[in-house]
Number of protein chains: 2
Amino acid sequence: MSRRKECTPQQLKELILSNAGRIIAQHGRSGLTARALAEAIHYSPGTIYNVYEDLDALMVDVNYETLGRLQMYCQQKIAILPTDFSRVRGLAYAYADFAHQNLRAWEAVYAPNRKMEHDNAPALPEYYQQRLTDIFLVVETTLIDCLNLSQPAAYSSARLLWACLHGITVLSLNGTLGLVGAEQPYAMIDDLLEQYLARYL
Amino acid sequence: MSRRKECTPQQLKELILSNAGRIIAQHGRSGLTARALAEAIHYSPGTIYNVYEDLDALMVDVNYETLGRLQMYCQQKIAILPTDFSRVRGLAYAYADFAHQNLRAWEAVYAPNRKMEHDNAPALPEYYQQRLTDIFLVVETTLIDCLNLSQPAAYSSARLLWACLHGITVLSLNGTLGLVGAEQPYAMIDDLLEQYLARYL
DNA sequence: CAAAATATTGAACAATGTTCAATAAAAAGG
DNA sequence: CCTTTTTATTGAACATTGTTCAATATTTTG
């Protein structure tokens with residue numbers, strides 16, 4: 001069975017990817033089932049497997065796209081800020097804001113793949129790694145431009161700050177910290193930045 | 001069908017819990033299926049549901065136990081250290097070590113529950129919250145004893161440090177940071193502690 | 001010892017990821 | 001224009017999962 005060819009393979013892949021992203025934004029990773037996605041794109045479940053190896057491979061592309069939006073969001077937020085500490089803070093806030101505003105997509109980036117549980121987890125593709133590097137580059141550049149960090153210091157500080165931001169965001173969102181009020185993550189970020197970066201201020 | 005009653009309900013619950021913990025330690029959250037667990041305890045799948053509402057409720061108890069071991073591990077590690085900065089560092093290392101040595105159990109603590117994806121997630125039971133509070137108390141006490149922090153400062157610094165430690169550990173383990181070598185997390189922790197706590201040293 | 005309460009079962013259901021022979025449409029060849 | 005080959009798509013089928021619950025075996029009660 002078949003229909004008239006309505007999409008190029010590339011268009012079909014984009015159709016799958018965009019609908020997967022929408023489903024995840026609405027219902028989270030667990031809402032993305034082969035059948036739900038097939039219905040959304042008006043194809044059958046089998047078609048998805050002609051385009052993607054499996055749903056985990058699809059998730060890699062969805063997460064890649066999410067990270068791209070994160071990077072864009074951060075870059076836009078800091079572009080309008082002065083080249084000083086306030087830009088560093090704006091960058092940190094941007095990460096927390098993005099996680100809040102794109103909660104389910106952001107969670108999916110760090111959700112463990114259902115199959116391989118850390119044994120023989122397939123290495124992420126090179127272009128995905130490159131995107132992570134690009135994001136860190138935004139942080140490094142900000143530290144260098146705003147606080148005059150050296151390249152090596154910026155490299156390690158960028159990764160450390162990003163990791164701390166990530167931890168604050170994770171534990172804030174899942175309630176581990178037992179804190180209330182939406183302002184708490186920002187207060188924690190302020191505290192972190194002011195103390196950690198004190199010697200550069 | 002039934003057999004002679006071999007366990008008290010309490011013993012049965014402990015049998016389920018301990019075997020669930022062992023399976024998770026070996027095969028991760030995804031390895032814990034109702035049927036695999038039933039086979040391990042030599043009961044049928046249905047029996048598990050006489051004791052626990054569902055597998056997510058069982059996971060709460062498994063995670064509660066994991067957090068208890070984390071607390072014990074941290075307390076033992078710092079007990080032998082002097083009451084100064086080296087104890088704070090030892091506590092931070094203990095968290096990273098525990099996560100490495102109990103990777104799958106530790107991951108399960110932060111794994112999203114399959115069903116409720118952040119909509120109507122059932123609040124964690126009070127005793128679970130209490131355990132989190134107890135763990136933070138260890139950190140707070142360490143900061144007060146070793147670095148003379150005030151109570152309010154210890155409260156917020158404990159939560160911030162814990163969150164940062166968590167982020168460093170998560171991103172180190174999943175490879176996001178693109179770093180190699182097992183020493184990297186320790187170097188990051190050293191950097192974090194020395195900078196963040198500089199004013200107290 | 002009969003009756004009520006309890007513990008345990010395992011078959012059954014719905015939902016999932018995934019596969020793949022079958023098939024309809026399109027493209028290529030003559 | 002028809003035949004053949006290639007391609008795109010399907011949806012039924014399989015294995016596995018979480019979960020339920022009437023049936024049943026055992027224990028307890030009276």
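Fair warning: this is a prediction, and the values are worked out from it, not measured in the lab.

Now for helix H8 (residues 151-174) of chain B. One full turn of an α-helix is made of 3.6 residues, so residues set three or four places apart face in the same direction. All names here are of chain B. Look at H8: 35 Å from first C-alpha to last across 24 residues, which is about the 34 Å you get at 1.5 Å a residue. Judged by how many residues are buried, H8 sits mostly within the fold: 18 of 24 residues are covered. For H8, the capping residue at the N-terminal end is Ser150, with a side-chain oxygen 3.2 Å from the backbone nitrogen of Ala153. A positive backbone phi angle near 85° is found at Gly175, which sits one or two residues after H8.

Residue and element names in this part refer to chain A. When the terminal C-alpha atoms of helix H7 (residues 126-147) are compared, their 31 Å separation across 22 residues agrees well with the 32 Å that a helix rising 1.5 Å per residue should span. Of the residues making up H7, those classed as buried are Tyr128, Arg131, Leu132, Ile135, Phe136, Val138, Val139, Glu140, Thr142, Leu143, Cys146 and Leu147. On its buried face, H7 sits against helix H4 (55-79), helix H5 (85-101), helix H6 (103-110) and helix H8 (151-174). Among the residues trailing H7, Asn148 stands out with phi positive, at a value near 60°.

Attention now moves to the pattern of salt bridges. All names here are of chain B. Throughout the structure, instances matching the rule amount to four salt bridges over all chains. With its nearest N and O atoms 3.4 Å apart, the salt bridge here joins Arg69 to Glu65. Here Glu65 and Arg69 lie together in helix H4 (residues 55-79), a separation of four residues that amounts to about one turn. Classification of Glu65 as partly exposed rests on a relative accessible area of 36%. In this structure, Arg159 and Glu140 form a salt bridge, with 3.2 Å as the shortest nitrogen-oxygen distance. Placement of Arg159 in helix H8 and of Glu140 in helix H7 (residues 126-147) is noted, with a sequence separation of 19 residues between them.

Note on the copies: chain A fits chain B at an RMSD of 0.0 Å, the axial shift is 0.0 Å, and the rotation between them is 180°. Here the two chains are linked by the operation of a two-fold rotation axis. A share of 100% of interface residues in chain A that are also interface residues in chain B marks the association as one of identical surfaces.

Let us now look at the packing of aromatic side chains. Counting across every chain of the model gives 16 aromatic pairs over all chains. On the numbers, 4.9 Å between centres and 85° between planes, the contact of Tyr93 of chain B with Tyr186 of chain B is edge-to-face. Taken together, the positions of Tyr93 of chain B in helix H5 (residues 85-101) and Tyr186 of chain B in helix H9 (residues 184-196) put the pair 93 residues apart, joining distant regions of the chain. For the ring pair Trp106 of chain B and Tyr110 of chain B, a centre distance of 5.7 Å and an interplane angle of 65° mean the geometry is edge-to-face. Separated by four residues within a single helix, Trp106 of chain B and Tyr110 of chain B lie in helix H6 (residues 103-110), roughly one turn from each other. Cluster of aromatic residues (ring-pair linked, three or more members): Tyr95, Trp106, Tyr110, Phe136 and Trp162 of chain A. Directly above the aromatic system of Tyr64 of chain A lies the positively charged group of Arg131 of chain A, at a separation of 3.8 Å from the ring centroid.

Below, the discussion takes up the domain arrangement of chain A. Residue and element names in this part refer to chain A. One can read the domain layout of chain A as domain 1 (1-52) and domain 2 (63-200). Domain 1 and domain 2 are separated by 30 Å when their C-alpha centres are compared. Listed as interface residues are six residues of domain 1 and, on the opposing side, four residues of domain 2. Across the domain 1/domain 2 interface, buried area totals approximately 420 Å², and carbon plus sulfur atoms make up 65% of it. Looking at the side of domain 1 facing domain 2, the largest losses of area belong to Ile24, Ala25 and Arg29, adding up to 66% of the total buried there. Across the contact surface, domain 1 and domain 2 share zero salt bridges. In this structure, the connection of domain 1 to domain 2 is made through one residue pair in polar contact (both at pLDDT 80 or more). Looking at side-chain class alone, the side of domain 1 that touches domain 2 contains two nonpolar, three polar and one charged residues.

Moving on: the packing of helix H1 (residues 9-27) of chain A against H6 of chain A. All names here are of chain A. Following both chains from N to C, one finds H1 and H6 inclined at 105°, their axes separated by 6 Å at the closest point. In terms of orientation, H1 and H6 fall into the roughly perpendicular class. Listed contacts from H6 to Ile24, Ala25, Gln26 and His27 of H1 are Arg104, Ala105 and Ala108. Residues of the contact of H1 with H6, tallied by class, amount to four nonpolar, two polar and one charged.

This part is about the interface of chain A and chain B. Taken residue by residue, the interface counts 37 residues in chain A and 37 residues in chain B. Where chain A abuts chain B, roughly 3,400 Å² becomes buried across the two surfaces, and 59% of that area is made up of carbon and sulfur atoms. Where chain A packs against chain B, one counts six residue pairs in polar contact (both at pLDDT 80 or more). Put simply, the parts of the chain that give the side of chain A that touches chain B at least two residues each are H6, H7, H8 and helix H9 (184-196) of chain A. Broken down by element, the residue count for the side of chain A that touches chain B peaks at 13 residues, all from H8 of chain A. Tallied by class, the residues present in the side of chain A that touches chain B amount to 18 nonpolar, nine polar and 10 charged.

Cut-offs and rules
Residues numbered from 1 in each chain as written. Chains lettered and ligands numbered in written order. Predicted model: local features only at pLDDT ≥ 70, side-chain atom pairs only at ≥ 80, totals over all residues. Heavy atoms only, no water. Helix = DSSP H or I, 4+ residues; strand = E, 2+ residues; numbered from the N terminus. Expected span 1.5 Å × (residues − 1). Buried < 20%, exposed > 50% of the residue type's maximum accessible area, 1.4 Å probe, protein only. Polar contact = N/O pair within 3.5 Å; in protein donor to acceptor, adjacent residues only side chain to side chain. Contact = heavy atoms within 4.5 Å. Salt bridge = Lys/Arg side-chain N within 4 Å of Asp/Glu carboxyl O. Least-squares fit on C-alpha atoms with pLDDT ≥ 70 in both. Phe/Tyr/Trp six-rings, centres within 6.5 Å; stacked < 30°, edge-to-face > 60°. Lys NZ or Arg CZ within 6 Å of the ring centre and 35° of its normal. Domains from an automatic or database assignment. Buried area = accessible area lost by both parts, 1.4 Å probe. Nonpolar A, V, L, I, M, F, W, Y, C, P; charged D, E, K, R; others polar. Axes fitted to C-alpha atoms, helices over the stretch in contact; angles between N-to-C directions. Parallel < 35°, antiparallel > 145°, perpendicular 65-115°, else oblique.

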